[in-house]
Amino acid sequence: MTKSQKSITKEDVQYIASLSRIHLQGDEVERLTKDLEDILRYVHKLEKLDVRAVEATSHVLPLANVYREDEVRPSLAQAEVMKVAVMSHNGFLKVPKVIQ
Amino acid sequence: MNQPLGQKYETVIGLEVHLQLSTRTKIFCGCANVFGRDPNTQTCPVCLGLPGTLPVLNKMALEYALKIAMALNCQINPLIKFDRKNYYYPDLPKGYQISQYDKPVAYDGHVWMTTVDGQTRKINIKRAHLEEDAGKLIHDDRSNSSLVDYNRTGTPLVEIVSEPDLRSPQEVYDYLQALKLTLEYLHVSDCDMEKGSLRCDANVSIRGAGQKIFGTKTELKNMNSFKAVRTALEFEEKRQREVVSSGGRIIQETRLWSEEKGTTVTMRSKEEAHDYRYFPEPDLVPFDIDDALIEEVRRSIPELPRQKFERFVGEYGLSEYDARIIVADQHIAHFFEACTKLYVDTKKISNWLNGPLLQELNVRKMGFSDIKIKPEDFIAIIRKVDENVLSNLTAKETLKQVLDTGKDVAAVIRDAGLAQVSDSSALEGIVDELIREHQNVVGQIREGKASAIGFLVGQAMRKSQGKANPKMIGEIIQRKLSAKSDA
Ligand SMILES: [Zn+2]
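My aim in this report is to walk through the structure given alongside it, one point at a time. Here the residue numbers are simple positions, counted from 1 along each chain's written sequence. For naming, the first written chain is A and the first written ligand is 1, with later ones following in the order written. Only residues with pLDDT of 70 or above have their local features reported here, since the model is predicted, and side-chain atom pairs are shown and tallied only from 80 upward, although totals for entire chains, interfaces and linings are computed over all residues. The side-chain figures draw on all heavy atoms in the structure; neither hydrogens nor water molecules are used.

**As for the sheet that holds strand β12 (residues 198-208) of chain B**
Residue and element names in this part refer to chain B.
Move 1: Taking strand neighbours across the sheet as the criterion, the 9 strands line up as β3-β7-β8-β11-β1-β12-β13-β14-β15 in an open arrangement whose pairing is mixed. Edge strands, defined here as strands with exactly one partner in the open sheet, are β3 (75-76) and β15 (263-266).
Move 2: As paired strands, strand β13 (residues 218-221) and strand β14 (residues 254-258) are joined by 3 bridges and run parallel to one another. Within the sheet, the bridge partner assigned to leucine 220 lies in β14 and is arginine 255. Whether two strands pair depends on DSSP finding at least two bridges between them. Helix and strand assignments follow DSSP, with helices taken as H or I runs no shorter than four residues and strands as E runs no shorter than two, numbered in order from the N terminus.

And the structure:
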């Protein structure tokens, strides 16, 4: 992507919103398009930095190799789980039908 | 399908196999990893994805994944990390699946397999990575709703992705057999397709024979057995050939196999263009796979089927055919080896094992791990045949009764009166009767037709319910008939 190109379009924002199940209203699409554009512009600025000496990282904490042993711990009771369900039926969570 | 069409196109298949690991607990929480419990009784805030919870990797799941990676001859990433695969579906409580994107546990491996015509083929493995399983959905037409059970959510999975190296549905079947056998030897999963602990999706395309670039592929899902995989692929390859040869185009899509209809049908897209927007999982730190860990895991890998096969052929002088049958079930292989410690004639062990014993199991529809017979008992039966106490026939009967009752061999022979009759006066009586009853056969023997003796021996075995000593019967017949003709 070149810097002169418009980096983000309204369609991009609407597409991402639909993937994220976010319903945008009124001028939100316009506003977010501009916000995201600003963010990307900032990222483009960062791309100019020489980071050849910096090691690639996916995580900011100076931590690695945090494991747990394979030991069973108590699970929640079914009734507890049903409490967080919007709808339930016979110990199942009930949702609008999804078609495969 | 007519012949020219078959030669005109080549089928290209790659497989994605999902294997549930048999760890005690789930991959990122301490919930028990068990099958068949009441719905939503094996969950906790972590696997339900409630706010404020943190996943922590089960070390055993990583070790199992490393075992698989090594058994599949893979390269192992020195540093692995987890990523979020984002999509919305009710079986996924967090709205994303924790998986691995660009730093999987393993890559560039291969599996050796034997095709139906006895050829050895190498199938390349693209990658193998760790991820969490989703929950289970039951679709309820009456209430127009779906029911969700999150017990399975967070079950550790290893996804094994093959390169598109497979060229026919039968090859896929053979590959799955080879892969499953290796995985079974590792004891990392129960590999049960019916229970869903081993699942398989296939990417299928066709291209003109000799063509280099791949055709457009479809993804096949919902096959519940190896046979279903093969049948579904046969259907899909035929469908694609018909579409292309009638001038149509293949559409890239996911198709579901319908066992009842025997066809594949388009699955309505559940997410736009599989746009999963992977990004690094911030809740899990990276993991170094250092040499010490690799060494530790390597030491826990048992002898694998391919090595065992080669050793059984080399060390015990078995035919490739016999060795393949024995190695195809690790319980049988173990039993066979225990027998070789007790008895020197390994060929005879394999004959009795692959013959009468496996036949008995087939009749009972039992697996080898279900039976009670000990190697000591099995060898005791073979020895009784060597000692002429049992004939082949009574030995099979003894085997059957040992399997039925769990009694020891000597008790079965005694209680059922199966011991061979070598008492010559009893045998002479039988032969006398036969000579009276089969005068024409006796005539043939006198005329020098030696094979007719065999018929009489067979009749003697029948009369004695298999208990007569066949060697002695033969001798008695010869003695009596030559004595008579001399007289
Ligand atoms: Zn849990």
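That shown, we press on.
**Remarks on the environment of arginine 255 of chain B**
All names here are of chain B.
Move 1: Looking at the element boundaries, arginine 255 is found in strand β14.
Move 2: For the exposure calls, accessible area comes from a 1.4 Å probe over protein chains only, and a residue counts as buried if that area is under 20% of its type's maximum, exposed if over 50%, partly exposed in between. The exposure class of arginine 255 is buried, given its relative accessible area of 8%.
Move 3: Expressed as a C-alpha distance, the spacing of arginine 255 and leucine 220, which sit 35 residues apart in the sequence, is 5.0 Å.
Move 4: Any two residues whose heavy atoms approach within 4.5 Å at even a single point are treated as in contact. Apart from the residues within four sequence positions on either side, arginine 255 is in contact with Thr218, Glu219, Leu220, Lys221, Glu236, Arg239, Thr264, Val265, Thr266 and Met267.

**Here we look at the pairing of strand β1 (residues 9-20) of chain B**
Residue and element names in this part refer to chain B.
Move 1: With respect to burial, β1 is a largely interior element, 11 of its 12 residues being buried.
Move 2: Examined bridge by bridge, β1 and β12 share 11 bridges and lie antiparallel to one another. In the sheet register, glutamate 10 faces β12, and the bridge partner there is arginine 207.
Move 3: As paired elements, β1 and strand β11 (residues 156-162) share 5 bridges and run antiparallel to each other. Looking at β11, one finds that glutamine 20 is bridged to leucine 157.

**Considerations on the pairing of β13 of chain B**
Residues and elements named next belong to chain B.
Move 1: Bridge count for β12 against β13 is 3 bridges, and the pairing is antiparallel. Bridging across to β13, asparagine 203 finds its partner in glutamate 219.
Move 2: Once you follow β13 into helix α4 (residues 226-245) and on to β14, the crossover reads as left-handed. For crossovers, right-handed means that the path from the first strand over the helix to the second runs clockwise, given strands pointing away from the viewer.

**A few points about the nonpolar core**
It is characteristic of soluble globular proteins that their nonpolar side chains tend to be buried jointly.
Residue and element names in this part refer to chain B.
Move 1: We define the nonpolar core as a collection of buried residues of types Ala, Val, Leu, Ile, Met, Phe, Trp, Tyr and Cys that are connected through side-chain atoms lying within 4.5 Å of one another. In this structure, Ile68, Leu130, Ile160, Tyr175, Leu357 and Phe378 are the most contacted members of the largest nonpolar core, which totals 104 residues.
Move 2: When residues in this core are grouped by element, the largest group, 10 residues, is from helix α3 (residues 169-186).
Move 3: There are two domains that each give this core at least three residues, and those are domain 1 (9-296) and domain 2 (305-416).
Move 4: For tyrosine 175, the residues in contact, after removing those within four places along its chain, are Leu15, Val111, Met113, Ile123, Ile125, Ile160, Ser162 and Leu166.
Move 5: Of all hydrophobic cores here, the second largest spans 19 residues; its members include Ile435, Val457, Ile476 and Leu481. In this entry, domain limits derive from an automatic or database-based domain assignment.

**Focus: the environment of leucine 233 of chain B**
Move 1: As for its position among the elements, leucine 233 of chain B is in helix α4.
Move 2: Counting along the chain gives 31 residues from leucine 233 of chain B to alanine 202 of chain B, while the straight-line C-alpha distance between them is 8.1 Å.

**Things to note about helix α2 (residues 59-71) of chain B**
All names here are of chain B.
Move 1: To estimate the expected span of a helix, subtract one from its residue number and multiply by 1.5 Å. Compared with an ideal rise of 1.5 Å per residue, which puts 13 residues at 18 Å, α2 spans 18 Å between its outermost C-alpha atoms and is within 8% of the ideal.
Move 2: Taking burial as the measure, the 13 residues of α2 include 11 buried ones, the bulk of the element.
Move 3: Taken together, the buried positions of α2 are Ala61, Leu62, Glu63, Tyr64, Ala65, Leu66, Lys67, Ile68, Ala69, Met70 and Ala71.
Move 4: Backbone geometry just downstream of α2 places asparagine 73 in the positive-phi region, at approximately 55°.

**Description of the interface of chain B and chain A**
A common way to state how big an interface is: give the accessible area lost once the parts meet.
Move 1: Listed by partner, the interface residues are 57 residues for chain B and 35 residues for chain A.
Move 2: Interface area for chain B against chain A, summed over the two sides, is near 4,100 Å², with a carbon-plus-sulfur share of 59%.
Move 3: A pairing counts as a salt bridge when a side-chain nitrogen of Lys or Arg comes within 4 Å of a carboxyl oxygen of Asp or Glu. On the surface where chain B and chain A come into contact, there are 1 salt bridge.
Move 4: Between lysine 97 of chain A and aspartate 141 of chain B there is a salt bridge, with its nearest N and O atoms 2.3 Å apart.
Move 5: Identification of polar contacts relies on pairs of N or O atoms within 3.5 Å, with a donor-acceptor requirement for protein atoms, meaning one able to donate a hydrogen and the other able to accept it, and with residues adjacent in sequence counted only if both atoms are side-chain atoms. One can count 22 residue pairs in polar contact (both at pLDDT 80 or more) joining chain B with chain A.
Move 6: Those elements that provide at least two residues to the side of chain B that touches chain A are β2 (57-58), α2, β9 (136-140), β10 (145-149) and β17 (287-288) of chain B. Simply put, the buried area is the total loss of 1.4 Å probe accessible area from both parts when two parts are fitted together.

**What to know about the sheet that holds strand β16 (residues 279-280) of chain B**
Move 1: Spatially, 3 strands are ordered β6-β5-β16 (chain B) in an open sheet, and the strand pairing comes out antiparallel. In this open sheet, the two edge strands, each paired with only one partner strand, are β6 (96-99) and β16 of chain B.

**A closer look at the pattern of salt bridges**
Move 1: Applying the stated rule across the entire model yields 48 salt bridges over all chains.
Move 2: Measuring nitrogen to oxygen at the nearest pair gives 3.4 Å for the salt bridge that ties glutamate 37 of chain A to arginine 41 of chain A. Of the two residues, glutamate 37 of chain A and arginine 41 of chain A both sit in helix α2 (residues 28-47), 4 residues apart, roughly one turn of that helix.
Move 3: Using a relative accessible area of 14% as the deciding quantity, one classes glutamate 37 of chain A as buried.
Move 4: Since its relative accessible area comes to 48%, arginine 41 of chain A is described here as partly exposed.
Move 5: Residue lysine 81 of chain B pairs with aspartate 83 of chain B through a salt bridge whose shortest N-O separation is 2.4 Å. There is no split in this pair, since lysine 81 of chain B and aspartate 83 of chain B are both buried.
Move 6: By sharing partners, the salt bridges in this structure join Glu303, Lys308, Arg311, Glu315 and Glu337 of chain B into a single network.

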